[in-house]
Amino acid sequence: MAKKIATKDEREHMSKVASLGCYVCQRPAQVHHIRPIGLGIGMRSSHYDTIPLCQDHHIGQFSIHNCKQQFEAMYGTEKEILHNINKEIKNMEQVNDLFNFYATKEK
Ligand SMILES: [Zn+2]
Ligand SMILES: [Zn+2]
């Protein structure tokens, strides 16, 4: 399955997601794409439906890819994690907007 090429906005979003650090342990993170529920084969997951996980929690022995059931039992489902991450990103964007607002006023 060919990967969809991320637009500039999507890349920016994913770098924000990664900058939050691993959802579980706050170590440097890579982005994990949530598999959309209820979509047929061939539907691509969105680059906006991403959560930050370090290598261990992403693809390690005890990770969302290798031990999904245990992982979700301990840390919440992908959807719950995504919800929390999106909330954090929103907060971050609001702070940035405020900062930009005052920064432009200074001139
Ligand atoms: Zn981690
Ligand atoms: Zn992944």
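One can find the structure itself at the top, above this paragraph.
Residue numbers run consecutively from 1 along every chain, following the written order of its sequence. Lettering of chains starts at A and numbering of ligands starts at 1, both following the order in which they are written. A pLDDT threshold of at least 70 governs which residues receive local features in this predicted model, and a stricter bar of 80 or more applies before side-chain atom pairs are shown or counted, although totals over entire chains, interfaces and linings include all residues. Only hydrogens and water are set aside when side-chain values are computed; all heavy atoms of the structure are taken into account.

J.: Quick question: what am I supposed to make of the overall build of the protein here?
T.: If you tally the helices and strands in the protein, you get four helices and two strands. Counting from the N terminus, the helices are DSSP H or I runs at least four residues long and the strands are E runs at least two residues long. Scanning the protein from its N terminus toward the C terminus, one meets helices and strands in the order α-β-β-α-α-α. Relative accessible area decides the class of each residue, using a 1.4 Å probe on protein chains only: under 20% of the type maximum gives buried, over 50% gives exposed, and in between gives partly exposed. Within the protein, buried positions represent 27% of all 107 residues. Working rule for contacts: check all heavy atoms of both residues, and any pair within 4.5 Å makes them a contact. Sequence separation of 24 or more characterises 57% of the internal contacts of the protein that already satisfy a separation of 6 or more. Only the protein chains shown count as covering a residue, and every accessible area follows the Shrake-Rupley method with a 1.4 Å probe. Counting only carbon and sulfur atoms, one obtains 54% of the accessible surface of the protein, whose full area is about 7600 Å².

J.: How do you make sense of the nonpolar core when you look at a structure like this?
T.: When a protein is soluble and globular, its nonpolar side chains tend to lie buried together. Among buried residues, the Ala, Val, Leu, Ile, Met, Phe, Trp, Tyr and Cys ones that are joined through side-chain atoms within 4.5 Å form a nonpolar core. In this structure, Val17, Cys22, Ile34, Ile51, Leu53, Cys54, Ile64, Phe71, Ile81, Leu82, Ile85 and Ile89 together form the largest nonpolar core, which totals 12 residues. Elements with a contribution of two residues or more to this core: strand 2 (50-53) and helix 4 (78-106). Per element, the largest residue contribution to this core is four residues, and it comes from helix 4. Beyond its immediate sequence surroundings of up to four residues, valine 17 is in contact with Val31, Thr50, Ile51, Pro52, Ile85 and Ile89.

J.: Before we go on, may I ask you to explain the coordination of the zinc ion (ligand 1) in this structure?
T.: Summarising the metal site, the zinc ion (ligand 1) is bound by the protein donors Cys22 (SG), Cys25 (SG), Cys54 (SG) and His57 (ND1), whose distances to it range over 2.0 to 2.3 Å. Here a donor is an N, O or S atom found within 2.8 Å of the metal, or within 3.2 Å if the metal is Na, K or Ca; sites may look incomplete because water is not among the atoms. In these descriptions, tetrahedral denotes four donors with every angle between 85 and 135 degrees, square planar four donors and octahedral six donors with opposite donors over 155 degrees apart and the rest between 65 and 115, and irregular any other case. Each of the four donor atoms bound to the zinc ion (ligand 1) contributes to angles spanning 103 to 116 degrees, and the resulting shape is tetrahedral. Taken in sequence order, the residues that donate to the zinc ion (ligand 1) follow the motif C-x2-C-x28-C-x2-H. Here cysteine 22 is found in the loop between helix 1 (8-19) and strand 1 (30-33), whereas its partner cysteine 54 is found in the loop between strand 2 and helix 2 (55-59), with 32 residues between them in sequence.

J.: Help me understand helix 1 in this model?
T.: At 3.6 residues per turn, the α-helix brings residues three or four places apart onto the same side. Under the convention used throughout, the expected extent of a helix is 1.5 Å for every residue step, that is, one less than its residue count. With 12 residues, helix 1 should reach 16 Å at 1.5 Å per residue; the first-to-last C-alpha distance of 16 Å fits that figure. Of the positions making up helix 1, those classed as buried are Glu10, His13, Met14 and Val17. Along the axis of helix 1, the buried positions cluster into a sector of 95 degrees, meaning they face one direction only. In helix 1, the exposed residues that point more than 90 degrees away from the buried face are Lys8 and Ser19. As used here, the arc is the angular range of directions from the helix axis to the C-beta atoms.

J.: Explain the pattern of salt bridges to me, please; I cannot follow it from the model alone.
T.: Any two side chains of opposite charge can pair, on the condition that their charged atoms come close. Put simply, a salt bridge is a Lys or Arg side-chain nitrogen that is within 4 Å of an Asp or Glu carboxyl oxygen. Evaluation of the coordinates by the stated rule reveals four salt bridges. For the salt bridge of lysine 8 with glutamate 12, the shortest nitrogen-to-oxygen distance reads 3.2 Å. Of this pair, lysine 8 and glutamate 12 are both found in helix 1, four residues apart, which corresponds to roughly one turn of the helix. What makes glutamate 12 partly exposed here is its relative accessible area of 36%. The partner of aspartate 56 in a salt bridge is arginine 27, with the nearest N and O atoms 3.0 Å apart. Taken together, the residues span a long stretch of sequence, with aspartate 56 in helix 2 and arginine 27 in the loop between helix 1 and strand 1 at a distance of 29 residues. Residue classification places arginine 27 among the partly exposed positions, given a relative accessible area of 41%.

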